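So the chains spell out like this:
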Amino acid sequence: ACAGLKAQQELIDGFHEKDGSHASLFVGKVEHGYPASTYANHPYWDDARFYNGEVLYKGIWYRNLSMRYDTHLRQLAVMTPDKRMTMLVDMRQVDRFLLDGVLFLKEGESYIAELHRGPNLRLTRETECRLSTAELRDKASYRKFSRSVRYLLYRGNDVQEVKSKSSVLKLFPRHKKALNQYAKAHSLDFRNQRQLALSLLVAYADELEQKP
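Residues numbered from 1 in each chain as written. Predicted model: local features only at pLDDT ≥ 70, side-chain atom pairs only at ≥ 80, totals over all residues. Heavy atoms only, no water.

**Student:** Break down the environment of Asp206 for me, with residues and values.
**Tutor:** Here Asp206 is to be found in helix H4 (residues 194-210). Assessed through its relative accessible area of 1%, Asp206 is described here as buried. Between the C-alpha atoms of Asp206 and His116, which are 90 residues apart in sequence, the distance is 9.4 Å. When neighbours within four sequence positions are excluded, Asp206 is seen to be in contact with His116, Gly118, Pro119, Asn120 and Leu121. (Helix = DSSP H or I, 4+ residues; strand = E, 2+ residues; numbered from the N terminus. Buried < 20%, exposed > 50% of the residue type's maximum accessible area, 1.4 Å probe, protein only. Contact = heavy atoms within 4.5 Å.)

Given below as structure tokens:
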């Protein structure tokens, strides 16, 4: 065990020597992840892949990072450039970050994904992951995460949850026909690509709201 920890520390030290510009991001703990032998699923944002991203850390933007976001722990994991280790970022120092083009803003103790911000409308996504009790599968004990996703549309002082095309159309009766035509013309898929579909439809609604 001591030899393993020593080797791990040598890797970290070696990385710090090679890349001082990003070294401050890699002073935390090593990510251990969620092995399939223990967990039936995972709590990462959308999937467990590493995405290209950027982090505003201690007031400085760090770009071109490979990272993923744990929605259960509210924790970013960033891969070292040599791809040999994944480190946990000190989230107390993170104001915001970009993950696969999506902006995450710190709100309270969590991070909210901002999918659209315009003159009249703002659309966010909140994802909550909770760890359930252990369950048996093939005589083995597994833990499982339950995921809850909410899309919130802000319009002035009003906040409404939206889930589908119809829920958006109800909020904009004056633009119902135009929004329907836009959704059809762009083949928006609210079942399999809900985030993208809602983002595009709300952005178009924002354009329409600006017209007299």
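Resuming the write-up.
**Student:** Outline helix H3 (residues 176-185), supporting the account with residue identities and numerical values.
**Tutor:** Along H3, the residues classified as buried are Leu179, Tyr182 and Ala183. Buried residues of H3, seen end-on, are gathered within an arc of 95° and therefore sit on one face of the element. In H3, those exposed residues whose orientation departs by more than 90 degrees from the buried face are Lys177, Lys184 and Ala185. Those residues of H3 that are buried lie in contact with helix H2 (165-169) and H4. One or two residues past the end of H3 sits Ser187, with phi positive at roughly 50°. (Arc of directions from axis to C-beta.)

**Student:** Could you give an account of the pattern of salt bridges, with specific residues and numbers?
**Tutor:** Summed over the entire model, instances satisfying the criterion amount to twelve salt bridges. One salt bridge in this structure joins Arg122 and Glu114, with 2.7 Å as the shortest N-O distance. Take Glu114: its relative accessible area is 12%, and that puts it in the buried class. What emerges from the salt-bridge pattern is a single network uniting Glu107, Glu114, Arg117 and Arg122. (Salt bridge = Lys/Arg side-chain N within 4 Å of Asp/Glu carboxyl O.)

**Student:** Please set out the confidence of the model for the protein residue by residue, giving values where relevant.
**Tutor:** For the protein, per-residue confidence averages 87 on the pLDDT scale, and 89% of positions sit at 70 or higher. Predicted confidence for residues 1-20 stays below pLDDT 50, and this span has 15 contacts to residues more than four positions away or in other chains. (pLDDT = per-residue confidence, 0-100.)

**Student:** Go over the pairing of strand S8 (residues 121-131), please, and point to the residues and values.
**Tutor:** When strand S7 (residues 110-117) meets S8, the two strands line up antiparallel, connected through four bridges. Residue pairing in the sheet places Glu114 in a bridge with Thr124 of S8. Connecting S7 to the antiparallel partner S8 that follows it, the hairpin turn spans three residues. As judged from the eleven bridges shared by S8 and strand S11 (residues 145-155), these two strands associate in the antiparallel manner. The partner of Arg130 across the bridge, within S11, is Ser146. (Pairing = 2+ DSSP bridges.)

**Student:** Tell me about the side chain of Arg122, residues and numbers included.
**Tutor:** As for its placement among the helices and strands, Arg122 is situated in strand S8. Side chain to side chain, Arg122 and Glu107 meet in a polar contact 3.0 Å long. At 2.7 Å, the side chain of Arg122 and the side chain of Glu114 are in polar contact. Sequence-distant contacts of Arg122, defined by excluding residues within four places in its chain, comprise Leu105, Glu107, Glu114, His116, Arg117, Leu152, Leu153 and Tyr154. (Polar contact = N/O pair within 3.5 Å; in protein donor to acceptor, adjacent residues only side chain to side chain.)

**Student:** Lay out the nonpolar core in plain terms, naming residues and giving numbers.
**Tutor:** Core analysis: the largest hydrophobic core is formed by 45 residues, its most contacted members being Phe97 and Phe104. The element best represented in this core is H4, accounting for seven residues. With residues up to four places along the chain from it excluded, the contact list for Phe104 reads Trp45, Tyr69, Asp95, Arg96, Phe97, Leu99, Tyr111, Ile112 and Ala113. (Core = buried A, V, L, I, M, F, W, Y, C linked by side-chain atoms within 4.5 Å.)

**Student:** Describe the side chain of Asp206, listing the residues and the values that go with them.
**Tutor:** For Asp206, which is buried and forms no salt bridge, the nearest opposite charge comes from Arg155, at a distance of 8.3 Å. Within the local environment of Asp206, its side chain forms a polar contact with the backbone nitrogen of Asn120, the two atoms lying 3.1 Å apart. (Lys, Arg positive; Asp, Glu negative; His and termini not counted.)

**Student:** Describe in detail H4, supporting the description with residues and values.
**Tutor:** Look at H4: 24 Å from first C-alpha to last across 17 residues, which is about the 24 Å you get at 1.5 Å a residue. Among the residues of H4, those classed as buried are Gln195, Ala197, Leu198, Ser199, Leu201, Val202, Tyr204, Ala205, Asp206 and Leu208. Where H4 is buried, its residues contact strand S6 (102-107), S7, S8, S11, H2 and H3. (Expected span 1.5 Å × (residues − 1).)

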